[in-house]
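So the chains spell out like this:
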Amino acid sequence: FDLQLSNGGSSPISWSISTSNARVTAAPSNGTLALSSSSEVTINTSGLPLGNNAYTVTVTGTAAGNPVANSPEQVSITVKVVEELSTVYLPQIIK
């Protein structure tokens, strides 16, 4: 899935992302947001085992060497990994 980062402040923001599970990765894992810009980060969960997997994504940001408001921000996520998906066909009625 994708995570959107935005900068609505008055200074460029340097940011980094970490996860609580080594099997979950972020790309890119760090960067800089210019004024009034945004960036997408892809969170890859393909290495997770079957079942419910809970983990935390932590986003940290600094501007001019100081932490930005609400930094670090943590997002708790649960992903359910299944062996295979099934296709269900429902009857179609045409009048």
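Report follows, based on the coordinates. Please read all numbers here as calculations on a predicted model, not as lab measurements.

1. Comments concerning the nonpolar core
- Judged by nonpolar contacts, the single largest core of 17 residues is most densely connected at Leu3, Leu5, Ile17, Val41, Ile43, Tyr55 and Val57.
- Of all the elements in the fold, those that place two or more residues in this core are strand S1 (2-7), strand S2 (13-19), strand S5 (37-44), strand S6 (51-63) and strand S8 (73-81).
- When residues of this core are assigned to their parent elements, the largest contribution, four residues, is made by S6.
- Those residues within four positions of Ile17 in sequence are excluded, and the remaining contacts are Leu3, Leu5, Ala26, Ser29, Val41, Val57, Thr58 and Val59.

2. With respect to the sheet that holds strand S3 (residues 25-27)
- With respect to topology, three strands assemble into an open sheet ordered S1-S5-S3, the strand pairing being antiparallel. Across the chains shown, the open sheet's two edge strands, defined by having one partner strand only, are S1 and S3. Averaged over all adjacent pairs, the angle separating strand axes in this sheet is 30 degrees, with direction ignored.
- Pairing between S1 and S5: six bridges, direction antiparallel. From the neighbouring strand, Gln4 faces S5, where its bridge partner is Glu40.

Reading guide: rules and limits
- Residues numbered from 1 in each chain as written.
- Predicted model: local features only at pLDDT ≥ 70, side-chain atom pairs only at ≥ 80, totals over all residues.
- Heavy atoms only, no water.
- Core = buried A, V, L, I, M, F, W, Y, C linked by side-chain atoms within 4.5 Å.
- Buried < 20%, exposed > 50% of the residue type's maximum accessible area, 1.4 Å probe, protein only.
- Helix = DSSP H or I, 4+ residues; strand = E, 2+ residues; numbered from the N terminus.
- Contact = heavy atoms within 4.5 Å.
- Pairing = 2+ DSSP bridges.
- Axes fitted to C-alpha atoms, helices over the stretch in contact; angles between N-to-C directions.

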